[in-house]
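As a plain string of letters, each chain reads:
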Amino acid sequence: MGSRQVSTTDLAGLLGPDALGRFGLPGRITVAGLGISGISAARALAGLGATVTVVDNGDGDAHRAKAAELAELGIEVRLGHLPDGARAGEALPEGTELVVTSPGWQPESPLFRAAAEAGVDVVGDVEIAWRLRGAGVELRAARRAAAADAGEDAEAERAPAGPAEWLAITGTNGKTTTTQMLASILKAAGLKTAAVGNIGTPIIDVVLGEEEYDVLAVELSSYQLHWAPSLRAHSAAVLNLAPDHLDWHGTMEAYAADKGRIYEGNTVACVYNVADPATEKLVENADVEEGCRAIGFTLGAPGPSMLGVVDGILVDRAFVENRQKNAQELAEVEDVNPPAPHNIANALAAAALARAFGVAPRAVRDGLRDFRPDAHRVAYVDEVAGVTYIDDSKATNTHAAEASLAAFEPVVWIAGGLAKGATFEELVRNSRKQLRAVVLIGADRALIAEALARHAPEVPVVDLDRTDTGAMLAAVREAARLAEPGDTVLLAPACASMDMFANYNKRGDAFADAVRELAAEAA
């Protein structure tokens, strides 16, 4: 029946009046944010019997509609400005014993400062989901018992399954793809699983939903990890580390520390990227359960306790007998879609987590073959006049753009947008050999232009000073003019999209539409 949205009746009627205390939760809880995760948390906590207040600085029609739905469940929602002039999202409601925040709210928010002064903890929805894993087991058992009483469930007498294990993934880039690859591998192994966390169904709804899972593939952002102090995964991976979201974390050190929280308390494996020593350092600094192993992945030949690549074959030297001498073939590079270097690294990380959970080699191969990447992630769009057009609009930072550029040569690169405090020196320095030409768009394109002038002065650059709806078509036309047969025109912006588009999906759609228009003209 799936992990449908949790209803108040489900929880209050099945778990009893002492549910909050049994799962480490107080009676008066404030939820910060009226987004998807905030609404999920508010509904679940109210269903457990908590007095819930939701606060949000927004006050538009969409906010009011959501508030009206929650009010029907007895949940108070405070929007916009309060009668005393304070903003709703900055004032701590009286009597609050716990604040549950949506991931994007910054740690220095006035609401959280007020909570700290009052001695009130702040956690996120992932932390709540982790604490409520046992509640989910009890709910499913109670539902089966109720169904048996009604003569509706032939399996009602079977013993309830325990909480699903979590295989957790973070990193600056590749999180979603790797999490979905992992879920595909787990499904190929015959396991009940779902890709959750920073993607898909809200994780609280999954934990409390009707579906019983064997294991969850959990994508976690640095924001979510910051607010999840008690999370203890079966195994976890940090794919890579590069400067990102420094406006939120303040420093690279703080950002890395939050990423490293994913390893705390791991029981079986901490998976790190051999090519990124900072990820291995996080493993070394983690406090894990006795017997938990450090497992590396590499695009080269693997050493013991690593997964890697030998003669086009993905191999495992970690989860095999006599790993000093033996290796297990898992899949071919061509089983990875697409087989670009950064995506092969994603596949190795997913395979390492699956193998840590006991998945057989054949399932790794089958799961990778079955996997199809989401749109806007190194996605082929079309070939026009011998030039290939690739949409990697999801490359919203320099690290992702560099990985994308490394997969193609020569490239006409379409880049630019909101830099979010990033610099482009290293990206241009490392990628100059791939570049046929560059077309720049967006608010912070001058920063990329300056880096190109310093480190790749020989590369032709077109600077498009426009942000109207036709800007992407103009960029694609300029790229087509500069490209030669055999080249790749690559949208890998290295920047966020919000200066010109609602999100990276819309930016990628605009690119694909422009390519299709170009193809129609060439036909």
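Residues numbered from 1 in each chain as written. Predicted model: local features only at pLDDT ≥ 70, side-chain atom pairs only at ≥ 80, totals over all residues. Heavy atoms only, no water.

Student: Describe the overall build of the protein chain, and please don't skip the residues or the numbers.
Tutor: Within the protein chain, the regular secondary structure consists of 20 helices and 20 strands. Taken along its principal axes, the extent of the C-alpha atoms in the protein chain is 70 × 65 × 45 Å. Evaluated residue by residue, the protein chain yields a buried proportion of 55% over its 523 residues. Long-range pairs, those at least 24 residues apart, make up 66% of the contacts in the protein chain with a sequence separation of at least 6. Carbon together with sulfur atoms contributes 49% to the accessible area of the protein chain, which is approximately 21,300 Å² in total. Across the protein chain, 46 positive and 73 negative side-chain charges occur, with their mean positions spaced 2 Å apart. (Helix = DSSP H or I, 4+ residues; strand = E, 2+ residues; numbered from the N terminus. Buried < 20%, exposed > 50% of the residue type's maximum accessible area, 1.4 Å probe, protein only. Contact = heavy atoms within 4.5 Å. Areas by Shrake-Rupley, 256 points an atom, 1.4 Å probe, with all protein chains shown as cover. Lys, Arg positive; Asp, Glu negative; His and termini not counted. Charge placed at Lys NZ, Arg CZ, Asp CG, Glu CD.)

Student: Account for the state of the cysteines, naming residues and giving values.
Tutor: Following the criterion strictly, the structure yields 0 disulfides and no others. Unpaired in this structure, Cys270 has its nearest cysteine sulfur neighbour in Cys292, at a distance of 3.8 Å. (Disulfide = S-S within 2.5 Å.)

Student: Residues and numbers for the nonpolar core, please.
Tutor: Ranked by size, the top nonpolar core spans 65 residues in total, and within it Leu45, Trp166 and Tyr263 carry the most contacts. By residue number, the principal contributor to this core is helix H3 (residues 36–47), which donates 6 residues. Discounting residues that sit within four places of it in the chain, Leu45 has contacts with Leu20, Leu25, Ile29, Val31, Ala50, Val52, Val100 and Ile128. Ile169, Leu182, Val309 and Ala354 belong to the second-largest nonpolar core, a separate cluster that totals 39 residues. (Core = buried A, V, L, I, M, F, W, Y, C linked by side-chain atoms within 4.5 Å.)

Student: With reference to specific residues and values, describe the environment of Ala510.
Tutor: Here Ala510 is to be found in helix H20 (residues 504–522). In this structure, the C-alpha to C-alpha distance between Ala510 and Ala471, residues 39 residues apart in sequence, is 9.2 Å. Once residues lying within four places of it in the same chain are set aside, the contact partners of Ala510 are Met472 and Phe501.

Student: Help me get a handle on the sheet that holds strand E5 (residues 121–124), residues and values and all.
Tutor: Taking strand neighbours across the sheet as the criterion, the 5 strands line up as E3-E2-E1-E4-E5 in an open arrangement whose pairing is parallel. Whereas interior strands pair on both sides, the edge strands pair on one side only; in this sheet they are strand E3 (76–79) and E5. With direction set aside, neighbouring strand axes in the sheet form an average angle of 25°. Inspection of the sheet shows strand E1 (residues 28–32) paired to strand E2 (residues 51–56) by 5 bridges, in the parallel sense. Along E2, the bridge assignment pairs Val31 with Val54. (Pairing = 2+ DSSP bridges. Axes fitted to C-alpha atoms, helices over the stretch in contact; angles between N-to-C directions.)

Student: Help me get a handle on the side chain of Thr170, residues and values and all.
Tutor: Positionally, Thr170 belongs in strand E6 (residues 165–170). Classification of Thr170 as buried rests on a relative accessible area of 0%. Engagement of the side chain of Thr170 in a polar contact is seen with the backbone oxygen of Leu220, the distance being 2.7 Å. A distance of 2.8 Å separates a polar atom in the side chain of Thr170 from a polar atom in the side chain of Lys259. The contact partners of Thr170, leaving out residues within four places of it in the chain, are Lys175, Leu220, Ser221, Ser222, Leu225, Ala237, Val238, Leu239, Lys259 and Ile262. (Polar contact = N/O pair within 3.5 Å; in protein donor to acceptor, adjacent residues only side chain to side chain.)

Student: Mind laying out the packing of helix H8 (residues 175–188) against helix H14 (residues 341–356), listing which residues take part and the relevant values?
Tutor: In the contact formed by H8 and H14, the axes pass within 9 Å of each other and the chain directions differ by 45°. Classified by the angle between their axes, H8 and H14 sit oblique to one another. Crossing geometry of H8 relative to H14 is assigned as right-handed. Judged by residue contacts, Thr177, Thr178, Met181, Leu182 and Ile185 of H8 engage Asn343, Asn346, Ala347, Ala349, Ala350, Ala351, Leu353 and Ala354 from H14. In the contact of H8 with H14, the residues fall into 9 nonpolar, 4 polar and no charged. (Parallel < 35°, antiparallel > 145°, perpendicular 65-115°, else oblique. Left-handed = near helix turned anticlockwise from the far one by under 90°. Nonpolar A, V, L, I, M, F, W, Y, C, P; charged D, E, K, R; others polar.)

Student: Would you mind going over the pairing of strand E9 (residues 235–238) in detail, with residue names and values included?
Tutor: By the alternation rule, side chains of E9 split into Ser235 and Ala237 and Ala236 and Val238, which are all buried. Judged from the 3 bridges that link them, E9 and strand E10 (residues 269–273) form a sheet pairing that is parallel. By the bridge assignment, Ser235 is partnered in E10 with Ala269.

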